[in-house]
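# What the coordinates show
Single-letter residue listing:
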Amino acid sequence: MSTVPVTRPRHWLLGGAAADPALVAGEVVVTYGDLQDLVESERERLGQRHLVALEARPTVDFVVSYLAALAGGHPVLLLADGDLTRHAHLVEEYPPGTAAGLHPDLALLLSTSGSTGSPKLVRLSRDNVLANARSIVDYLDLRSSDVAITTLPLHYCYGLSVLHSHLLVGATVVLTDLSVADRCFWDLAERTAVTGLAGVPHTYALLDAVGFGSRVLPRLPSLRYLTQAGGRMAPQRVRDYAGALRERGVDLFVMYGQTEATARMAYLPPELTLSNADTIGLAVPGGALRVDALPDAPPGTGELVYSGPNVMMGYAESRADLARGAELLELRTGDLARVTDAGLFQVLGRLDRQAKVLGHRVDLDRVESVVADGGVAVRLVARPDCLWAFTPDARGRDRVREQVSVATGLRGAAVRVAVLDALPVTSSGKPDDAALRAYIQSEESLRTPASGVLTADEVRDLYAVVLGRPDAAVDDCFVGLGGDSLSYVEVSTRLGERLGPLPPTWPTMSGVELAAVAQATAGSPAVRRRGVPVDVSVVLRAVAITLVVLTHADLLQLQGGAHILLAVVGYNLARFQLAVPGRRARVLGLVRSAGAVAVPAALFIVALAAYGHQYRWTTVVLLNGLLGRDTWDDQWQFWFVETLVWCYLGLAILLAVPWEARIRRAQPFRAALVVLTAALGVRYVWTGVEAGPTERYTLGVVAWCLALGLCAASARSTRQRLVVALIGVVATAGFFGDRQREAVFLAGLLLLLRGRPLRLPSWAASGVAVLASASLWIYLTHWQVYPPLEDSGHQVWAVLASLAVGIAVSQGLSALRRRIRPALASVHATVSARALLRLRPRRLRRVQVSGSRATV
C-alpha cells in the first residue's frame, strides 16, 4: 500500500471554459490537457495495482493522485486529515505492491459519514461512482460551462460527488480550502464566476451569518443553482432560500443520499420546493425508491429502500472484506419514510433515532423538528433514564425544556438541557453525536461521587422542593430556576451544611458544577471545620427582624433593623434577580418579586380590615407613604413592604431601558452607583440631612438604603468596598437623629461589605435559617401579636409569640405553594401541548408504493 503526499492548499482551477487567465488572475489554472498529462505521469509512478491511501485535500496534487489511482485500477482509501490511525490495520496489511486480496471491481473505500463515530468503510466500484455522477449530471443539467467550488471536504461523499460530476462533463472546479464564512471565499467565487454551490445544513447556517441573500448573492450573477444535502434542513429555511433564490433566477435542489449509495438517492425538483419543502422528492435518474411497511411503524409509513447501480458493494471492516464482490442489490436506508399525496418521498426520521426513555417512545427527529420550528436549534441524545437536549441558545434554554417535555411527555429530571457554545459537527458537517455522548459521560461521572459527598441529584432535589420546581434538572442553577432572596435562605443554609463554604457564584452554578466543587473539596480542612457556614445576608435578616420585634415589643430599644433589611434586600437583588441573563427576564423577575410581596401583603391587610382593623385603601394598595398622613399611626405599620414593592417596580422600569442594561453588563458597580446617587439625591432634596419622624419611613427617602445594598453586592475590589463604606457613613450620619440607630445600620452594612459567611453551630444555623426565611411574615403579623401581650407586661412572651406566629404562617404558606405549583405547571403544560398538537401533520392515509410513485 502506498500513501501519496500532497502539498499545502492554495487556489486552483481545473479546466473548463471559465478558466480564462484574464478572469482568474492570481489563481493557478490547470487545463484538462495539463490534467491528463499529470494524471498519466502519476499513473506510471504508481506501478502495479495496490491499495492507495490518500488524504483528501482541495489541491491539484490530490486530484491528480486520486484520478491516477482510479485510472490505473488501484483501489483508493480516501481519508480525512489525520484519519489514517482509524484504518491503520489496512495500511499495515497492504504494503506497496500488494494486490492479493483486493477484488477486481473495488475502486474506492469511503468512511461512513454518519454521526456514530464508527470506523466502518463503504466499498464502492468504478461503476458505482460513474453511475451516480451521471445521474447528478442529469438532474442538475450540468454543462461544460459550469464552475463549481469546493465548499465541502473531498473525503465526504457529497463533496467528492461535486468533483466527480463536474469532471465528467468537462466543467471547471475551483479548489480552495477557504470557508464560506471567509470574505476571501466570496471574492474568489465572484472572480471565477461560480455557477453552483453545495452545502449541508451547517453550511446554510454560515450563509445566514454572512448575509448571503443581501450581501453575497448580488455579487454572483453567474450563480445558477444551490444544492443541499447531508441532513434535514428545516422546511421553513428551505422555503426561505428557495423563494429568495427564485427571485434571482437561481434554483435550489434539496437532495438526499448516503455514502452507501455513493452519494445521491433522491432530489427535489426546484419547481416543487416551495410547496413540498419537507420532502426529499424523487429517486435520482436510474434509481428507484420504495417504502417497506414495518410492524411497529404508523400506518402509511415504513423503511425507505433504494435500488440502483450506485448501491455500494458492501461494507469493509477487515482485510478479508476487501476481497468480497458486490453483495447488495438494494439499500435499506434505516430511515422512516412515507409517500405524500403528490407522490413525493418524505423522510420522517431515523429508525435508530426512535428511542425509549423511561418507557416513553421518543422520535428524536420529530421532537427536534418541533423545537426548531420554534426558532431554537437543538440536538437530542437519549439515555435509558433521561433525554439530553443540547442547544447553543442560552436564552432559549427554558423554552427547549418546555417544548421537549410537552412533545415527549417526559417531565422534571427526565429532560436535561445543556447549553454549549456551538453544537458539534463532524468534518462533513453532520451532527457529532459521539462528541455529545462523551459530554454526557463526563457530566454523569460527576453525579456518582464518593460516599457522603454532595451529588448533583441532591442539589436538583433541593431546588425542586424549596423552589417548588419539580421540573428542576441537574444542569439548572438557583438563579435560573427563579430563586429569590426568600428561598435563598433555606437553600444556602442546607447547601452549606453539606458543602461547607459556598463559592461566591454558587447561585449561578448548576447542580453538576456544585457537585464537582463538592468532590474537589471533599476531605479538605476547610470542610472538616466545625460548624455550618451561613451566608452573611441570612444572618443579618434573622438578626434584623429579631431587633424589629424586640424594639416594638419594648423589650429592648435597639432600632435600625428594618433599614438593615432594606440593605439586605438590595444586596440579594444584585446577586439574584439582576444576575439573570437577558433584560426581559430580569424585568419580569423583578415584577414577579414585587407581586410575590404585594399580593399576599395586600390580601393580609384586607383580611385585617374585614376583621375590624381600621386600614384605609391607601394602605391596602401600599401607597400610604405617599398619600397618607404626615403623623405616625397604624397606617404606617407596613411602610417596609411599601418600600420593598415600589423599589422592585422602579428597578424593573429602569432595567427596561437598553442603555442601563448595557452599563450594568459592562460596569455593574458603576451602574449600582448611579442608582445610589439618584436615590440619595431624592433623599437630600426631600428631607435634607435628618429625616423627620415619618420621612425616615417614606419610599422616596429610604430607597437609598436598598441602593446601598446593591452597591455592596456589586463591589468587587477593596477600593470599591471602601467607597461604599464611605458613602454609607456620610449618608447615615444624622439621618435618624439617633447615633445608636445609625451605628446599628452601619454595622449591618459593614458585615455585608465583608461578605464572608459566618460559621455557626448546626442548631444555631437552623434557627437562623428559619427566622430569616420567615422574616417577611414575622414583620406582617407581629403588629397584631405583640400589643396585647406587651400591654399586660409580658414583653418576653410578646417577642416569642410574634416570632412563632410569623414562622408558622410562613411555613404553612410555603407548604401550600409546594402543593399548588405542580398543579399549575401541569395546567400550563396541557395548554402548551394543545397548542403544539395543532402543528402535527394530518392523519396519514394508507398508500401502495411502486417504484418512485405512490397510489392512494
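Rules behind the numbers
Residues numbered from 1 in each chain as written. Predicted model: local features only at pLDDT ≥ 70, side-chain atom pairs only at ≥ 80, totals over all residues. Heavy atoms only, no water. Pairing = 2+ DSSP bridges. Helix = DSSP H or I, 4+ residues; strand = E, 2+ residues; numbered from the N terminus. Axes fitted to C-alpha atoms, helices over the stretch in contact; angles between N-to-C directions. Buried < 20%, exposed > 50% of the residue type's maximum accessible area, 1.4 Å probe, protein only. Lys, Arg positive; Asp, Glu negative; His and termini not counted. Salt bridge = Lys/Arg side-chain N within 4 Å of Asp/Glu carboxyl O. Contact = heavy atoms within 4.5 Å.

### Quick look at the sheet that holds strand β19 (residues 345-350)
Ordered by their spatial adjacency, 4 strands build an open sheet running β15-β16-β18-β19, and the pairing between neighbours is antiparallel. Here the strands that pair on one side only, and so sit at the sheet edges, are β15 (288-293) and β19. Across the sheet, the axes of successive neighbouring strands diverge by a mean angle of 50 degrees, strand direction being ignored. Pairing of strand β18 (residues 330-339) with β19, which is carried by 5 bridges, proceeds in the antiparallel orientation. Residue pairing for β19: Ala 337 is matched across the bridge by Val 347.

### Describing the side chain of Arg 264
Residue placement: Arg 264 occurs in the loop between β12 (251-256) and β13 (266-268). One buried charged residue, Arg 264, remains without a salt bridge, the closest side chain of opposite sign being Glu 260 at 9.8 Å. Apart from the residues within four sequence positions on either side, Arg 264 is in contact with Asn 132, Ile 136, Tyr 139, Tyr 158, Ser 161, Ala 229, Met 255, Tyr 256, Gly 257, Val 284, Tyr 306 and Asn 310.

### As for the sheet that holds strand β24 (residues 415-419)
The 3 strands are arranged β22-β23-β24 in an open sheet whose pairing can be described as mixed. The open sheet has two edge strands with one neighbour each: β22 (379-382) and β24. Neighbour to neighbour, the strand axes of the sheet diverge by 25 degrees on average, direction disregarded. Here 4 bridges tie β22 to strand β23 (residues 387-391), and the two strands are oriented antiparallel to one another. Looking at the pairing, Ala 382 lines up with Leu 387 of β23. Relative to the sheet, helix α11 (residues 397-408) contacts β22, β23 and β24, its axis offset from that of β24 by approximately 150 degrees.

### Quick look at the pattern of salt bridges
Under the definition given, this model contains 17 salt bridges. For the salt bridge of Arg 290 with Glu 330, the shortest nitrogen-to-oxygen distance reads 2.9 Å. Of this pair, Arg 290 sits in strand β15 while Glu 330 sits in strand β18; the two residues are 40 residues apart in sequence, bridging distant segments of the chain. Arg 290 gets classed as partly exposed once you look at its relative accessible area, which sits at 26%. Since its relative accessible area comes to 29%, Glu 330 is described here as partly exposed. Residues Asp 292 and Arg 332 are paired through a salt bridge, measuring 3.2 Å at the closest nitrogen-oxygen approach. Here Arg 332 lies in strand β18 and Asp 292 lies in strand β15, a separation of 40 residues in the sequence. Looking at Arg 332, the relative accessible area reads 40%, which means it is partly exposed. Among the charged side chains, a salt-bridge network with shared partners connects Arg 290, Asp 292, Glu 303, Glu 330 and Arg 332.

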